[in-house]
Amino acid sequence: MERIFNFSAGPATLPLEVLELARDELVNWRGCGMSVMEMSHRGKEYMSIQAEAEADLRELMGIPANYKVLFLQGGASSQFAMVPMNLLRGKASADYLNTGEWSKKAIKEAKKYGQVNVVASSEDKNFSYAPTQDAWTLDSNAAYVHYTSNETIGGVEIFWTPKTGDVPLVADMSSHILSRPIDVAKYGLIYFGAQKNVGPAGLTIVIVRDDLLGQTVKGTPTMFDYTIHVDNDSMYNTPPTYAIYIAGLVFKMLKAKGGLAAMEIANRAKAQLLYDALDASSFFASPVARENRSLMNIPFTLKDAALDDEFLKAAKARGMVQLKGHRSVGGMRASIYNAMPITGVQTLVDLMKDFEKQHG
Ligand SMILES: *Cc1c(COP(=O)(O)O)cnc(C)c1O
């Protein structure tokens, strides 16, 4: 069977060459007589897989030596709690930017552990933009500043790095990690679930500056303490071994393709193809402010929402699935992560043109 174009926001499409390599290695990894899934996480074969995945991620992202890389579970959603538990460090409050559904969840969870100061919000315009920093009210006594650099549901991406002085900057990069270069040194902590742009669900990666560690709030469960995972090389308990292995294959492939600068060029070309089609159309429209248009998640609406189902059916007939928008935004959403080929975006744009001719 042909592969289809899967525009899902996550779990999302993976690079075909990675899936094929994993298939070839599935039952017998490099002559060791077993699958990666069957390996002891303390054996030398698996330990080499995890060490190589970390080394490749460090190289890809240019992660400085004073940052730890943790391979965890529990999704980005667990980080909504782990961040305040570990980073409040005796301070009363933390600053949060509110740009959409994921920001709201992070804020709600953080309120269980301390005071949350919302520095700015775009809820007034249904989260269709991100407030620029001149509109933020930062607190210099805050333990950290948290923001969602790409809102997966609203399709709102922040392309600049907030300036927070001595207050550590924390980012949920779940849905645009590895899509373009990031200056890690400007952050105190970066976290992301793997299932958008990295690998299978079940793996969550945290990159944290080492001076922020060691002051976890009293009563924090062992598994929620970053220090425990740092001290045990992410092997305090059984890590999600197979997901880490696949992520490692993705990192290798990205390196071979020219790294994140090359991904940014490819991702900009893909996104532009779709945004140009939206701008040229009087039938389809993007609800997102131009300067915040995500390169990864592109929501768009049809002039007549009654035609949504017909559009989805027509897409399916041309081998495209998972284009239905999130209920909070409506319409469509095309998630075009690293692994979505430009031919997938072109196929979507061709359909949009034909559909508009027919119904516009
Ligand atoms: C998907 C997503 C999450 C939630 O991830 P889980 O792994 O399901 O917990 C959080 N933040 C952002 C920005 C996301 O895209």
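Quick notes on the rules
Residues numbered from 1 in each chain as written. Predicted model: local features only at pLDDT ≥ 70, side-chain atom pairs only at ≥ 80, totals over all residues. Heavy atoms only, no water. Helix = DSSP H or I, 4+ residues; strand = E, 2+ residues; numbered from the N terminus. Rg over C-alpha atoms; globule rule 2.2 N^0.38 Å. Buried < 20%, exposed > 50% of the residue type's maximum accessible area, 1.4 Å probe, protein only. Pairing = 2+ DSSP bridges. Patch = residues over 30% accessible without salt bridge, like charges linked within 9 Å, V, L, I, M, F, W, Y side chains within 5 Å. Areas by Shrake-Rupley, 256 points an atom, 1.4 Å probe, with all protein chains shown as cover. Salt bridge = Lys/Arg side-chain N within 4 Å of Asp/Glu carboxyl O. Near = heavy atom within 4 Å. Polar contact = N/O pair within 3.5 Å; in protein donor to acceptor, adjacent residues only side chain to side chain. Nonpolar A, V, L, I, M, F, W, Y, C, P; charged D, E, K, R; others polar. Domains from an automatic or database assignment. Contact = heavy atoms within 4.5 Å. Buried area = accessible area lost by both parts, 1.4 Å probe. Core = buried A, V, L, I, M, F, W, Y, C linked by side-chain atoms within 4.5 Å.

Draft legend 1. Layout of the overall build of the chain. Check the secondary structure of the chain and you find nine helices and 14 strands. Relative to a compact globule of 360 residues, whose C-alpha radius of gyration would be 21 Å, the chain shows 21 Å and is just as compact. Along the longest, intermediate and shortest principal axes, the C-alpha atoms of the chain span 60 × 55 × 30 Å. Counting the 360 residues in the chain, one finds 54% classified as buried.

Draft legend 2. Region of interest: the sheet that holds strand 12 (residues 297-302). Judged by pairing direction, the sheet is antiparallel, and its three strands sit side by side in the order 11-12-14 without closing on themselves. The open sheet terminates on both sides in strands that have one partner only, identified here as strand 11 (284-285) and strand 14 (332-335). Across four bridges, strand 12 lies against strand 14 in antiparallel orientation. Opposite Pro-299, over in strand 14, you have Arg-333 as the bridge partner.

Draft legend 3. Quick look at a nonpolar patch on the surface. A contiguous nonpolar patch, built from Leu-26, Val-27 and Met-37 and spanning about 290 Å² of accessible area, is present on the exposed surface. Summarising the element assignment, Leu-26 is placed in the loop between helix 1 (16-25) and helix 2 (44-61).

Draft legend 4. Looking closely at the site of the ligand. Within the structure, the ligand sits among 13 residues, and Ser-77, Thr-152, Asp-172, Gln-195 and Lys-196 are positioned closest to it. Side-chain polar atom of Thr-152 to an oxygen atom of the ligand: 2.4 Å apart, as the coordinates give it. In this structure, a nitrogen atom belonging to the ligand sits 2.6 Å away from a side-chain N or O atom of Asp-172. Contact with the protein chains covers 87% of the free accessible surface of the ligand, which is 390 Å². In terms of residue count, the dominant contributor to the shell around the ligand is helix 3 (residues 75-87) (four residues). Across the shell around the ligand, the residue classes break down as three nonpolar, eight polar and two charged.

Draft legend 5. Spatial organisation of the environment of Thr-222. Structurally, the position occupied by Thr-222 is in the loop between strand 10 (204-209) and helix 5 (226-231). Classification of Thr-222 by relative accessible area gives partly exposed; the value is 36%. Distance from Thr-222 to Tyr-236, taken between C-alpha atoms, is 9.4 Å for residues 14 residues apart in sequence.

Draft legend 6. Region of interest: the domain arrangement of the chain. Entries for the chain in the domain assignment read domain 1 (16-256) and domain 2 (258-359). Summarising the inter-unit geometry, the C-alpha centres of domain 1 and domain 2 are found 27 Å apart. Of the residues lining the interface, 27 residues belong to domain 1; the matching set on domain 2 comes to 25 residues. Carbon and sulfur atoms make up 53% of the area that domain 1 and domain 2 hide from each other, which totals about 2100 Å². If you look at where domain 1 meets domain 2, you find zero salt bridges. The tally of links from domain 1 across to domain 2 stands at 17 residue pairs in polar contact (both at pLDDT 80 or more).

Draft legend 7. Broad picture of the pattern of salt bridges. Counting across every chain of the model gives 19 salt bridges. The salt bridge partner of Lys-252 is Glu-52, with a shortest N-O separation of 2.9 Å. With a gap of 200 residues between them, Lys-252 in helix 6 (residues 241-256) and Glu-52 in helix 2 connect regions that are remote in the sequence. Residue Arg-293 is joined to Asp-279 by a salt bridge in which the shortest nitrogen-to-oxygen separation is 2.9 Å. Note that Arg-293 is positioned in the loop between strand 11 and strand 12 and Asp-279 in helix 7 (residues 259-280), a separation of 14 residues in sequence. Of the residues examined, Asp-279 reaches a relative accessible area of 37% and is grouped as partly exposed.

Draft legend 8. View of the nonpolar core. Among the nonpolar cores identified, the biggest contains 56 residues, and Leu-57, Met-61, Leu-178, Ile-190, Ile-205, Ile-207 and Phe-251 are the most heavily contacted of them. The element best represented in this core is helix 6, accounting for ten residues. Per-domain counts for this core show at least three residues from each of domain 1 (16-256) and domain 2 (258-359). With near-sequence residues (within four places) excluded, Ile-207 lies in contact with Met-61, Ile-63, Tyr-67, Lys-68, Val-69, Val-184, Gly-188, Leu-189, Ile-190 and Phe-192.

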